[in-house]
Amino acid sequence: MGKNDFLTPKAIANRIKAKGLQKLRWYCQMCQKQCRDENGFKCHCMSESHQRQMQVFGQNPNRIIDGYSEEFESAFLEHMKRSHRFSRVAATVVYNEYIADRHHVHMNSTQWATLTEFVKYLGRTGKCKVEETPKGWFITYIDRDSETLFKEKQKNKRLKADIAEEEKQERQIMKQIERVEQLMPVVNGAQPGKEKAVHLPEFKPDNGGKIAFALGSLSKGIAKEKGEGGARVVFEDVEGDKSEKVKGGGSSSRSGGGGGGGRSALDDLMREEEKVKERMNRKDYWLCEGIIVKVMSKALEEKGYYKKKGVVRKVIDKYVGEIEMLDSKHVLRVDQEELETVIPQIGGFVRIVNGAYRGSNARLISVDTDNYCAKVQVEKGVFDGRMLPAVEYEDICKVA
């Protein structure tokens, strides 16, 4: 075995020493060689191979520095995009993660002498959002991919459409309320803003005469039977007129759709409010934390996640969820288009994820497999106890 063979104790010791990250100041980017100490770096700088590389560098130093700077920047931003795409993170944390790779482009070979200068450069060029705090510099990645910009544009368009739809629905509700307020006095048999006064005749009792009040048909009959005994019926004609008018008004209102019309108008208003609530709460996104979903992505079939169930732990940008698999406890980031709701057993709890009662918890009562819908009863909240006879499978999901 030779002196410097691969399995000699000295070679093994050298590999153990060289394992891991060494001092950055003892790294030669031109030769891509890492030295362990100052003496080794000095010896390397005096070597013939390093001298040849320095001659190449001296011919066009600006081009080489710009090339290393561009490569360092692209690798740094790529790491930001993969690891901290949607989060605000300290610049030192990202830099430490980036330099964990031994073969990365070192900052001492770029145009930036310190990390602070590089962070300020990212802020000036608009590639990252930069904040200076007492705890140091914090950066947030700004995603400018064409796909991301298109999604952002579509999201803003949906938000504007939702706002316009809500304003339109509010105007419709106000019109309905005004119309009902105008109809209610008519249903009650009076004109809006006016009350019909009843004028009673002036009555002067005779000396020693008794006064009797007729308060209904029974009282009127009794009074008539006992009218010969000296008792005198007072206000009988007025009460009779009033009862006839009330009966006439009631019959006319019923015949003209007054009583039943009031109830039908109220039912129509309730149905209209249900439709408005459905339009307001019906969105194109349904993910929420704490529900169990099924992964339907064919791309994850090789990894063994296809048709496996998991719990939504976090929702990112409304359409992407971080799913913790129930079997392996692995965490995946999956788009909602590649997920499916899960229906529990009868009597289990579900969450309504879309539609008029979005966000409410309910209990599964029965399942209609022919029409792909279920009957649920809302539990707790404002609509506690309300029965929903036909809710689609896509609008309910099992609660973890």
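Residues numbered from 1 in each chain as written. Predicted model: local features only at pLDDT ≥ 70, side-chain atom pairs only at ≥ 80, totals over all residues. Heavy atoms only, no water.

*Asks:* Which parts of the structure should I look at to understand the pairing of strand β5 (residues 136–141)?
*Replies:* Regular strands place side chains that alternate from one sheet face to the opposite one. Summarising the sheet, strand β3 (residues 88–90) and β5 pair through 3 bridges and their orientation is antiparallel. Among the inter-strand pairings, Arg-88 is bridged to a residue of β5, identified as Thr-140. Here 6 bridges tie strand β4 (residues 128–133) to β5, and the two strands are oriented antiparallel to one another. Bridge assignment links Glu-131 to a residue of β5, and that residue is Phe-138. If you look at the hairpin formed by β4 and β5, you'll find 2 residues sitting between the two strands. (Pairing = 2+ DSSP bridges. Helix = DSSP H or I, 4+ residues; strand = E, 2+ residues; numbered from the N terminus.)

*Asks:* Explain the packing of aromatic side chains to me, please; I cannot follow it from the model alone.
*Replies:* Aromatic rings considered in pairs are described by the distance between their centres and by the relative angle of their planes. All chains considered together, the criterion is met by 11 aromatic pairs. Ring centres of Phe-72 and Tyr-98 lie 5.3 Å apart, and the angle between their planes is 85°; on these two criteria the pair is classed as edge-to-face. Taken together, the positions of Phe-72 in helix α4 (residues 61–83) and Tyr-98 in helix α5 (residues 91–98) put the pair 26 residues apart, joining distant regions of the chain. There is no split in this pair, since Phe-72 and Tyr-98 are both buried. Aromatic pair Phe-118 and Tyr-121: ring centres 6.4 Å apart, planes at 25°, arrangement stacked. Of this pair, Phe-118 and Tyr-121 both sit in helix α6 (residues 115–124), 3 residues apart, which is roughly one turn of that helix. Per residue, the accessibility class of Phe-118 equals that of Tyr-121, and both read buried. (Phe/Tyr/Trp six-rings, centres within 6.5 Å; stacked < 30°, edge-to-face > 60°. Buried < 20%, exposed > 50% of the residue type's maximum accessible area, 1.4 Å probe, protein only.)

*Asks:* Quick question: what am I supposed to make of the environment of Lys-375 here?
*Replies:* By the element assignment, Lys-375 lies in strand β15 (residues 373–379). Sequence separation of Lys-375 and Leu-388 is 13 residues, and the distance between their C-alpha atoms is 5.8 Å.

*Asks:* Quick question: what am I supposed to make of the sheet that holds strand β16 (residues 387–392) here?
*Replies:* Each strand in a sheet pairs with another by means of backbone hydrogen bonds, the pair being arranged parallel or else antiparallel. In spatial order, the strands read β16-β15-β14-β13-β17; together these 5 strands make up an open sheet with antiparallel pairing. Unpaired on one side and paired on the other, β16 and β17 (396–398) mark the two borders of the sheet. Each neighbouring strand pair of the sheet contributes to a mean axis angle of 45°, computed without reference to strand direction. Alignment of strand β14 (residues 361–368) against β15, held across 7 bridges, turns out to be antiparallel. What sits directly across from Asp-368, in β15, is Cys-373. (Axes fitted to C-alpha atoms, helices over the stretch in contact; angles between N-to-C directions.)

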